[in-house]
Amino acid sequence: MIRTGADYRDSIRDGREVHINGERVKDVTTHPMFKPLVDIRARIYDLQHEEATAHIMTYAQGDEVSAIGNKLPIVQSDWWDKRRATDTVLEDVGGVVTRVGDETVGEMWSLFDGQDVLNEVDPQFSANIRNHIHKVVHHDPFHVSANTDPKGDRSKPPQEQDPDMLLHVVKETDAGIVVRGAKFETAAAYANQAFTKPTIANWGNSAYSDYAVGFVCDLGSPGLKYICRTGFAGRAPLEDYPLSNRFDEVDTLVIFDNVFIPWENVLFYRHTKAAMFIRATLHRYSAFAFVQRNLKLADMMIGAALFNARQTGLDKQQAVQEKLAQLAVYREGINAHLTAAIALAERSPGGLLMPNQSLLYTGRVLACSQLHEMIHIARELCGGQICITPDAAAFRDPESGPWLEKYYTVNEDWVADDRRKLLAFARDLLNSDYAGHRLTFQLFAQSPPFAHLAAVYRNFDWDGPLDLVRKSAGLSEKVLGKTTRTPGDSAVSQWFNTDPAAVGKKAAE
């Protein structure tokens, strides 16, 4: 059943061992560096109950109401519903948050598609993934992922270095497995469970490996330790850094110090084929939510840049309009990929509806690879005042305040206080420590850039261009082999039968 914000807060007051800034955290729900994101996650749960938003955030199945973000995507409208719900959340909180649950739960759907692979290992693993997807839908946990290992010496296999560099199984019992090692995961310190799985790294040469393990981990389990990077929240006044103080998602090194995982939570183990499958298909659903966050980030850059240009009348200049148009092209490029990925969605091996894989992964490359250039354009449009404007305290000071009121007021529409707020927002969005962190996060959060391009390579229909050139150049069928592909774009031909005989028959009918 859908939770309330209070239910969520209670669920993470479980005595977990969390460290940040050199101290043990007593309560992650009240600690100043965690509280802003805990409050946002709680707000999402409360939106599911409020009259104005419940119909957007939830769906009913029989007598039970569940969260839209956790719903298995079966038909196209499921994706439109998910997109609308995410937009509602981000607009309600007024910023971009990545780890709110709807993204990482999609990674388990990839294993749902790979049940034939799991059955090769143990049919119980296939049953386990179905059971956990059911539990997520019916119990509404804050679900995150746990992918990245401490890097170690990546020129060596796991067996030739500290074995704990990669998470691995150290013991089997009748009740489950015991694991050691570590993972990095954003938001783990204040989440309920994590789908823990191998990273892209080497699992050893054996077809079966103790490092090829995936499971759902209860983040309140004994033996887990959370060592977090210092947060941005609370380091400077909210008035001067409105984004840092509200939207910093704290990244965590999760230590597995002989953590017990019951067999019912194990999704695959000692089978490198299963590990390879999940790594290759991990983001076939979750990339949609990730790219959608970039769309909202683009909106924030456009809004900050356009307001800064308008306040002084610079938006009338052609050079400024051209830069604004570049931001709009970037934004609409992301929008087009998301929209087309839904419109031309494809059926998965497990019977789910996947966003069109080639379009989705191409959109992810666009969103991430061009982000730094768009930030630079937005920075140019905002101008140098985002790095020289005094903080809010100077505007309140009885001696300096009147001077700042004089020089920061443009007209009756743009008074000093509004200009200061806008410049503080733009500074935090584009120039601050938080801004730099977000840029790097967006670049690597769903694997590094080379892996983004590898996903495009695996999912693009190369036969289409090859067949076109073969026919146009008059090449024999030997160069490509006999193909049965339907003429035209493969994504479109999934939805429209372009066979002339079939079309003629349909027209006659």
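Our subject is the structure listed above.
(A) Main features of the overall build of the chain. Scanning the chain from terminus to terminus reveals 22 helices and 14 strands. Computed over the C-alpha atoms, the radius of gyration of the chain is 25 Å, within 12% of the 23 Å expected from 2.2 N^0.38 for a compact globule of 509 residues. With respect to the principal axes defined by its C-alpha atoms, the chain has extents near 75 × 65 × 55 Å. Of the roughly 23100 Å² of accessible surface on the chain, a fraction of 56% belongs to carbon and sulfur atoms. Where the 55 positive side-chain charges of the chain centre and where its 66 negative ones centre are 3 Å apart.

(B) Local environment of the packing of helix H12 (residues 357-369) against helix H19 (residues 449-459). Interhelical geometry of H12 versus H19 gives an angle of 155 degrees and a closest axis separation of 9 Å. Judged by the angle between their axes, H12 and H19 are roughly antiparallel. The two elements H12 and H19 meet at a crossing, and its hand is left-handed. Across the interface between the two elements, Gln357, Ser358, Tyr361, Thr362, Arg364, Val365 and Cys368 from H12 touch Ala451, His452, Leu453, Ala455, Val456 and Asn459 from H19. For the contact of H12 with H19, the per-class residue count stands at seven nonpolar, five polar and one charged.

(C) Quick peek at the packing of aromatic side chains. For the structure shown, the criterion picks out 15 aromatic pairs. Both rings, one in Trp79 and one in Tyr285, keep their centres 6.4 Å apart while their planes meet at 5 degrees; by these two values the pair is stacked. Of this pair, Trp79 sits in helix H4 (residues 76-93) while Tyr285 sits in the loop between helix H9 (272-281) and helix H10 (286-311); the two residues are 206 residues apart in sequence, bridging distant segments of the chain. For the pair Trp79 and Tyr285, a shared accessibility class is recorded, and that class is buried. Plain terms: the ring middles of Trp403 and Tyr407 are 6.5 Å apart, the flat faces sit at 10 degrees to each other, and that makes the pair stacked. Of this pair, Trp403 and Tyr407 are both found in helix H16 (residues 401-408), four residues apart, which corresponds to roughly one turn of the helix. Here Trp403 and Tyr407 have matching classes, each one exposed. What links up through ring pairs into an aromatic cluster is the set Tyr8, Phe34, Tyr45, Phe142 and Tyr190. Positioned over the ring face of Phe142 is Arg41, at 5.1 Å from the centre of the ring.

(D) Main features of the pairing of strand S6 (residues 168-172). As paired elements, S6 and strand S7 (residues 176-186) share four bridges and run antiparallel to each other. If you follow Glu172 over to S7, its bridge partner there is Ile177. In textbook terms, the turn of a hairpin is the stretch between consecutive antiparallel strands, and for S6 and S7 this stretch comprises three residues.

(E) Structural context of the nonpolar core. Counting 127 residues, the largest nonpolar core has Phe34, Val179, Tyr190, Leu219, Tyr226, Phe256 and Met301 as the members making the most contacts within it. Ignoring anything within four residues of it in the chain, the contact list for Phe34 reads Val18, Ile20, Val25, Val28, Ala189, Tyr190, Cys228 and Val250.

(F) Here's a closer look at H9. Of all 10 residues that make up H9, seven are buried, and the element is covered over most of its length. Turning to H9, its buried residues number three or more, namely Thr272, Ala274, Ala275, Phe277, Ile278, Arg279 and Thr281. Buried residues along H9 sit against helix H5 (106-113), helix H6 (115-121), strand S8 (193-196) and strand S12 (266-269).

(G) Highlighting the side chain of Arg3. One can find Arg3 in the segment before helix H1 (5-11). Buried and unpaired, Arg3 has Asp140 as its nearest opposite-charge partner, separated by 5.9 Å. Among the polar contacts made by the side chain of Arg3, one reaches the side chain of Asn192 at a distance of 2.7 Å. If sequence neighbours within four positions are ignored, Arg3 has contacts with Tyr8, Ser11, Tyr45, Gln48, His49, His139, Asp140, Pro141, Phe142 and Asn192.

(H) How the structure looks around the sheet that holds S7. The six strands lie next to each other as S2-S1-S10-S11-S7-S6, forming an open sheet whose pairing is mixed. The open sheet has two edge strands, strand S2 (23-24) and S6, and neither has a second partner.

(I) Region of the structure containing the pairing of strand S5 (residues 143-146). A two-sided burial pattern is seen for S5, the buried positions comprising His143 and Ser145 on one face and Val144 and Ala146 on the other. Pairing of S5 with S8, which is carried by four bridges, proceeds in the parallel orientation. Following the sheet pairing, His143 is matched in S8 by Gln193.

(J) Main features of the pattern of salt bridges. Within this structure, the stated rule accounts for 36 salt bridges. In this structure, Asp39 and Lys35 form a salt bridge, with 2.6 Å as the shortest nitrogen-oxygen distance. With Asp39 and Lys35 both in helix H2 (residues 35-47), this residue pair falls four residues apart, about one helical turn. Among the residues examined, Asp39 registers a relative accessible area of 24% and is labelled partly exposed.

(K) The arrangement of the sheet that holds S12 in detail. Reading across from one edge, S5-S8-S9-S12 is the order of the four strands in this open sheet, with mixed pairing throughout. The sheet is open, and its two borders are formed by S5 and S12, each paired with just one other strand. Averaged over all pairs of adjacent strands, the angle between strand axes in this sheet comes to 20 degrees, irrespective of strand direction. Relative to strand S9 (residues 213-218), S8 is paired through four bridges, and the arrangement is antiparallel.

(L) Inspection of H4 at higher detail. Between its terminal C-alpha atoms H4 stretches 27 Å, which fits the 26 Å expected from 18 residues at 1.5 Å a residue. Buried within H4 we find Asp78, Trp79, Lys82, Arg83, Ala85, Thr86, Asp87, Thr88, Val89, Leu90 and Val93. Note on H4: the residue one or two positions beyond its end, Gly94, has a positive phi of about 80 degrees.

Rules and cut-offs
Per chain, the residues get numbers from 1 upward, laid out in the order the sequence is written. Per-residue local features are limited, in this predicted model, to residues with pLDDT of at least 70; the limit for side-chain atom pairs, both in listing and counting, is 80 or more; totals at the level of whole chains, interfaces and linings are taken over all residues. With hydrogens and water set aside, each side-chain value is computed from the structure's full complement of heavy atoms. Under the DSSP-based scheme used, a helix requires at least four consecutive residues in state H or I and a strand at least two consecutive residues in state E, with every element numbered from the N terminus. Radius of gyration here is computed from C-alpha atoms only, and the compact-globule reference equals 2.2 Å multiplied by the residue count raised to the power 0.38. Where accessible areas are quoted, they stem from the Shrake-Rupley method and a 1.4 Å probe; at the residue level, only the protein chains shown are allowed to cover. Under the counting rule used here, the positive set is Lys and Arg, the negative set is Asp and Glu, and His together with the chain ends is not counted. Charged groups are reduced to one reference atom each: NZ for lysine, CZ for arginine, CG for aspartic acid, CD for glutamic acid. Simply put, an axis is a line fit to the C-alpha atoms, just over the touching stretch for a helix, and the angle between two N-to-C directions goes from 0 to 180 degrees. For this classification, under 35 degrees means roughly parallel, over 145 means roughly antiparallel, 65 to 115 means roughly perpendicular, and everything else is oblique. Left-handed is the label given to a crossing in which the near helix is rotated counterclockwise from the far helix by less than a right angle, and right-handed is the label when the rotation is clockwise. In this analysis, two residues are considered to be in contact whenever any of their non-hydrogen atoms come within 4.5 Å of each other. The classification used treats Ala, Val, Leu, Ile, Met, Phe, Trp, Tyr, Cys and Pro as nonpolar, Asp, Glu, Lys and Arg as charged, and all other residues, Gly among them, as polar. Two aromatic rings from Phe, Tyr or Trp, using only the six-membered ring of Trp, form a pair when their centres are within 6.5 Å; if the ring planes differ by under 30 degrees the pair is stacked, by over 60 it is edge-to-face, and anything between is tilted. Accessibility here uses a 1.4 Å probe with only protein chains present; expressed as a share of the type maximum, an area under 20% marks a residue as buried, one over 50% as exposed, and anything in between as partly exposed. Two conditions define a charge sitting above a ring: the NZ of Lys or the CZ of Arg must be within 6 Å of the ring centre, and it must be within 35 degrees of the ring normal. Between any two strands, pairing holds if DSSP finds at least two bridges. Nine residue types can take part in a nonpolar core, namely buried Ala, Val, Leu, Ile, Met, Phe, Trp, Tyr and Cys, and a core is a set of them joined through side-chain atoms within 4.5 Å. For this analysis, a salt bridge means a side-chain nitrogen from Lys or Arg found within 4 Å of a carboxyl oxygen belonging to Asp or Glu. Any pair of nitrogen or oxygen atoms within 3.5 Å is treated as a polar contact; in protein, a donor-acceptor pairing is required on top of that, and neighbouring residues in sequence qualify only through side-chain atoms on both sides. One less than the number of residues in a helix, times 1.5 Å, gives the span that helix is expected to have.

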